[in-house]
Structures are given as C-alpha cells and as structure tokens.
Amino acid sequence: MNGSTRSRGRVVAAALALALLATTGVLAFSTGRSARRVALSARLLGPTEANQSINFSLVLRLPGERKLQQLLAAVYDPRSPQYHHFIDARMFGDRFGLSNAALASVRRVLSAAGVQITGEYPQRTAIDARAPAAVVDRLFATRLLEYVARDGRRFHEPQQPAVVPMQLRGAVTAVAGLNGRYLPFPSDVPANGLRPPDTRLVYDINPLYSHGIEGQGEKIGVMSFSQFSQSDLDAFDQQFGLPAFTPQVASVSDLGPSTDTSQDGEGEAMLDLEVVHEVAPQAQVIDYNAPWSTTTTDYSSDTMSRLVDKIVADGQVNVVNVSYGICEQLSSSADIQRSENSFASAALHGISLFVATQDAGAYACQRAKSDAHELSVSYPSSSPNVIAVGGTSLSVGANDQYVGEAPWESALEYAGGGGGLSTLFAKPSWQQALGVSNRYSNGKRELPDISADADPATGWTIVQGGQLITNIGGTSAAAPFWTGSMALIDQYARQQGIRQGIGGVAGDVDPMLYAIASSPQAFPPFHDITYGTNRYYPATVGWDFATGLGSPDVWNLARDVASYLKSHRK
Amino acid sequence: MSVGGPGDPGAAATSAPPSLRGAYVGHQLRALTGGRLGGRRTLVAFVGGFLAVIGIGVAVVAIVAPTTKPLCQPYKPCGPPRYVKPLVAETLWRSSQFGYTLEFPGNDFAIAQQFPDGLTLSGKDPSSGNSIVILIRAAAAGQVGPSRAVTNLLSNINGVTQLATDPDPANAILGGGIGHRLGAGGAYVGSETSPQGVSSDASLAAESATDGRVTVAMVAVGATGDTGPTSLLYQDADSIVNSVQWPAGP
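Residues numbered from 1 in each chain as written. Chains lettered and ligands numbered in written order. Predicted model: local features only at pLDDT ≥ 70, side-chain atom pairs only at ≥ 80, totals over all residues. Heavy atoms only, no water.

A. Molecular detail of the pattern of salt bridges. Residues and elements named next belong to chain A. This structure, assessed with the given rule, holds 16 salt bridges over all chains. Across the salt bridge formed by R338 and D128, the nearest N and O atoms sit 2.8 Å from each other. Given a relative accessible area of 0%, D128 falls into the buried group. A salt bridge links R306 to D302, with the shortest nitrogen-to-oxygen separation between them at 3.1 Å. Just as R306 is buried, D302 falls in that class too. (Salt bridge = Lys/Arg side-chain N within 4 Å of Asp/Glu carboxyl O. Buried < 20%, exposed > 50% of the residue type's maximum accessible area, 1.4 Å probe, protein only.)

Quick look at the structure:
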C-alpha cells in the first residue's frame, strides 16, 4: 500500500470510527493472515522468440476408442465378466493405441520438421515433444505470442488454435501444452485447526489403526508442481508423533522436477503431503513432480497429463491426489483431450485419482476471473474418470467428536466447496444415487462426488516454513484426506482377503461409492450433509451439488467396501 | 455489556446411540417323551407334539434370539443426529429480541454497540491499522425480507455518503446469505468525510437471509484498500455470518 492510499485509508478509518460507532469500544488487533490473488490479466510482450524452446505434446488418436469406452463401462459394471479386470499401460496401448507403424510415421514427420521427441508412454496416449517456437509456428499454422501476467509470470499462447498438419491427422487429434494463460492452480486457502488426532477421531479412522491398518504396503501418489521441504515434514512428524517419512520424487523425464520454492507452491505441496501422511502414516508416498513455475517458461500447460501418463506407465500407485484445477471454460480443449486419454488409461489400470473441485463454490471460474459470474465447475475434477472432492465446514463437540458438517460457503471471500454441472461431460451411467437426479440435472456430469472439511475456519493444521500453521483449508485439504483414507480402505480390504491383479482393490472407486450409497449397508458410510449451500446449490438429503455423497465415516466405509467387494467378487 | 463468555461447542455433543448389535442367545430344544403310545394315536400325538414343540421353539426364538442387525438405509438416519455448530469457540453473542446467536473472533473485534436486535463490531486491519466495522441487525421476517433488510441497514449507516452499488463486476457478492441460508448480498461503495473534511473511499459488503421468523442482515465496512476477498474484514465477516444460529435451529 503506498503512502497516499494508506493516508486515505486512515481518513476513512477515523471517519468510520466517529460516524459509525459513536461510542467507545476496545479495538482489537487481529493476527495477520496470508493472502493470495490469481493473476487476472496479462500484457502482450510480442511474438515468442523464434529460437525459444517450446514444450508441447501431440494427443494421439485412439483407434480403439469405442472399444475403450465399452471396456471402461464393463470394468466398472459388477454384472460384467470384465468387472475389476484392470489392464496395465502396455496392454492399454496394444489394445487401443496406434500401431507401431503409425507411431513410426509420426516420429518421421516430427523429426523431419525439426521436432525433438522427449517422451513416449506405453499406453500410447500422447507423445511429448520440444521444438523452437519458429518450428511450432510453422508446423501447426499458428503464431506463439509472449505475455506477462499481472503477477509477473511469463507465458506463451497461440494467436490462433494450433492446427494438426495434414500428414499427422491420421494419428494426432490435437496439439496440447501450448497455452499457458490459464493454468490449473492449487486449491488451498491459507488462513487450533484439525490436528492429526482430531482427524482420526472426527472421521472415525482410529478403529482401522486398532486393526493395524495404517497404510502398510500402500503406495500413494501425490501430484505436485513445486518443491517440498523435508525439514517441514520432519517437524510435522515430530510435532504429532508420526513416523518419519521422505516422499520418493518421480518426475517427467524431459522436464525434471519443479524448482518452484514459492510460499504458495510449497504450501500446497506441504498440505497435500502432510494430510496424506497423517491419515495413512505407514504408506509410502511418491511425489510426482513437474515444473509449473512462475519463474521459468520451461513448462508445458499439459504437464498434469504428463504426470498422469507417467503414473500409469510406472504402475506403482493405486491412489493419487490432485489438488489442482481450473474452471472448464478456461481450460484448453487440446489439453483436455490429452488429459482424458490419460485419465481413461488410469481408470482402466485401476487407479483412483482424487481431484479437488476448487474453492469458489458454484462459481469455479470466479477464482481465475473475478468477474466471471456464471455457474461453473473445474477441470479435471469434472472428468468422469476421476473422483471429485468437494468441501465442507466441520463441527465437532467438546471432545473432538463428530457433530456435523455444512457445505463450505464464504461468499465475501468468493470461496466455497466446488460443485455443479459440467459443460463438457455427460453424466456417467454409474452416477446414480438418491438426489443425483434433481431439479438442476441436465444429463451432464454432476460434481462433487464426495467431500470433507475444507473451510479454513474449521480447517487443518500443517507445518510450513518451520511454522505450525493452523486453519488451512481448501478442497485441496479434503482431497488428500480422501486419498489417504482410501489407501487405508484398500489395505483393509486386502486384509479381508480381497485381491486384485493390479490397481486398487476397487480401481477407480467412484462407481463403487455410488453403489454403496444407493443400497442398504451394515454401517453408515457417509455423513449426509443436508443443510447450507455452496453459494448456490443447496445441500439436501442424499447426493447434492454442495457436498456430493457427503464426508466419510472411514471405518464404516472400509467395512462396507470390503463387504461390497466380497459380494461382487468375480 | 451483556457479552457472553466463550462458546462451548461441546454443549451440543450428542450421546451415542445404543449399540445395534446384540449378543446371540443360544438355546436348545429338547423333545419331550411321554408314556408308550401306539398306532395311529401315537402318530397323531407325536406329530401334534412335534408341531407344538416346533411352535414353542419358534416362539422362543422369536422372543429371545437377537434380531438381525438392521441395515442402514441410504439417507435415512442411522446414527446420531447431525447439525451444524462452529468448530472454534469464539465470543458468543445472543440477540435478546430475536434469539439468534452468533460468534465473533474476540481477538479481532470488540463490541462497539449492541442492541436487542443486533450489534456493531469494531476492529483494525492488521496491515493498515485502519478501523474495520461489522454491523449486524435483525427484524421480524414478516415485516422485512432479506433484500429490504440490507437496504434498511445501509440507509441507517451514518457518515457514509454517495452510497451506491459497486459498479465493478469483480466485486459482486455471489451467493450471499446468513447462517447457511441463502439470501441476498451485494457490494457497495461510498464516500467518507473525515472530521478534517477530507473525503475518501469506503467499500461495503452486505449479506442477509431469513429463516421465516427473523431476518438478519450484516454489513462489513472498511477503507477500500482493506476490503476484498482476501481481506481480514471479509474473512471474519464470513465466519461471523456462518456462525449465526437461528432461534428455531436449522
């Protein structure tokens, strides 16, 4: 704040104090809270330098697309003989991807044009590439322009959409990664919150611990776009008596891990890692890390897809946390095409991706564009192949026992648990439960699927920057909570004798969660939230746009999942 | 001041329901043998006795054996009642006229004025040191709806002139409400004149809602630089309006 503004503010303050109060009162000083704004506009710098290296990817055609969709439906249909028969990345590529000959042809064309191939995946969903800007311009009939955002971040954007050249159209459907204007951003809202012992009590995790279920043998993936601090993880563990852990870092080979050490970026990484770890303290965590830096142009706007492709190709983790997203309307269609190929291969591999629905309530776009007032939802949480995690405001009793939840709604902060109707995707056939068909329904995918505490006012406790930070929230706290919980449930189901070849015991758990919610269960698996709104949609009995199926009673859900899987074993 | 002490969220704790699981009560049925009986009479007596024993057994089982644990039906209550109460025990205030309650962060705000229907909270922005003010008032719902309640509250603010709707769409309040009920909301701008005669800009954000009995409205007022979605004023105002408990409950 400059001197002039400060002075004017003080004048207002004095006047307000005199005119509004007309009384003497004790003026309290508050503690500071961190704040963050998203860059809203950008200034054109000019054409991107001809020799600037540009990362992008080619979205590969899936000739077996129709069969892929049929298999996706069958793999998650309990009546199908294919139920839960997951396939790995290589099999995905062999069955649905381009032939070796077609791939070889693509490589030849790219090489002749001066494009360097930097990554390929056995599932054959995309080819990662790099080329000078001039080559990109020429090959894809566009012109890359360079911008600087209000927050200083530089990015490039095609002046007109990239066009796939004729010689590649048989194999390539889109060019992704070129548009850096709107990037998915983390869903945290920095602000005595939920400490690990509270979380275990409130969401009924302790009985699993009593059964020796703490995540042993489970591997959890956390998608990150910044570095994390090992010393903060150590401090968090020491503070709450948790076992020490060091996430394994896995990066996309050509881009390497992120170099971002900004407070915002690191805050998201620490929140995700610490919440996952506090819920499943014995699970191994792999930090799938890529640059999405505000300080370098060496990134690609399709980085999230690259990480998902790597996760599927590695085949190491069954549950993954994704705390990033951006509203559908601001997402590049090419990037979405790329991501959908990746998410489909993940679902067929039996991997659950828990994705935050973002923190603007029913107005997802408002977070990136404050004048965007239309109802909207965020991507990738709207993908039918991920689990969309919304946000609640939690109430507990004097002994930290669960009392109730309402949707997270904070209108003045433009905040709330994300939820609403997708404009891109049809409602998947498995999305059925009481409340799913309602007065707002239009045949599109409905969000969120589930939810958990995300209100900073009732939020989580983490360690960041050597400090104990209380009341941190956002759906990016709810998503890692669900990710860790599902790792515990996966372990419990295995302990109960349920086995799968690859992937989690239930694969993408979304269809199973709706099936469990729709039929009588021995134990109530969800806290049904029936009061409040997410700034537009009301919480109602059953599923609703404000909180989905609700938040979990983890122990109850674990037993219901085990029972469900036993009764649907093939 | 009739300011209450810290709220006690534990006061709302509910007792756990009795266990639905009962111990299985085992029992044995023994055949009763009488004297020697012969022929058809014997057969009839045996069958009759057998059926009687079976009947008695069934009755005994029905009475003493455990019922199968009832399954939780989707979205039917199957556990303790659930309702919403703030997590953090802040300073509790109750309207003597309308019975609604709210909590406010006592470290950030103090009660500057209070009335039977509402109160005025004052604090300072931690960055600028400027005063920030939150006004909350209520009226009978039959007389005043949410939109009108906002208008009334704005019109009763002294010292702010040239009050107008904020023309910047980026500042619009979407989904305004009180106590987890949707209602009305809006952003406003005004001009403030100091005792020294210097005019300056002020920003106001308003929210209101009703439970059908009482309508509650809130206006947050601060220097333009101290307002907005990431300001302390708006964060605290959100927490305060979310903490409102309606007299009739949710």
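B. Broad picture of the state of the cysteines. Residues and elements named next belong to chain A. Under the definition given, this model contains 1 disulfide over all chains. One disulfide in the model links C327 with C365; its S-S distance is 2.2 Å. Classification of the bridge connecting C327 and C365 rests on its S-S torsion, roughly 95 degrees, and on that basis the disulfide is right-handed. In this pair, C327 sits in strand β14 (residues 324–327) while C365 sits in the loop between β15 (352–356) and β16 (378–379), placing the two residues 38 residues apart along the sequence. Here C327 matches C365 in class, with each residue buried. (Disulfide = S-S within 2.5 Å. Helix = DSSP H or I, 4+ residues; strand = E, 2+ residues; numbered from the N terminus.)

C. Region of the structure containing the sheet that holds strand β6 (residues 144–149) of chain A. Residue and element names in this part refer to chain A. Spatially, 3 strands are ordered β2-β6-β7 in an open sheet, and the strand pairing comes out antiparallel. Two strands in the sheet have a free side with no partner beyond their single neighbour: β2 (42–47) and β7 (154–158). On average, adjacent strands in this sheet sit at an angle of 35 degrees to one another, irrespective of strand direction. As paired strands, β2 and β6 are joined by 5 bridges and run antiparallel to one another. In the sheet register, R43 faces β6, and the bridge partner there is V148. (Pairing = 2+ DSSP bridges. Axes fitted to C-alpha atoms, helices over the stretch in contact; angles between N-to-C directions.)

D. Inspection of unusual backbone geometry at higher detail. Backbone torsion omega between Y379 of chain A and P380 of chain A reads 15 degrees, so that peptide bond is classified as cis. As for its placement among the helices and strands, P380 of chain A is situated in the loop between β16 and β17 (387–396). Going from L447 of chain A to P448 of chain A, the amide bond is cis rather than trans, its omega being -5 degrees. Structurally, P448 of chain A is set in the loop between β22 (444–447) and β23 (450–453). Located in the positive-phi region is D204 of chain A, a residue other than glycine, with phi close to 60 degrees. Looking at the element boundaries, D204 of chain A is found in the loop between α6 (196–202) and α7 (206–210). One non-glycine residue with positive phi stands out, namely H180 of chain B, at about 60 degrees. Residue H180 of chain B is classed as buried on the basis of its relative accessible area, which comes to 7%.

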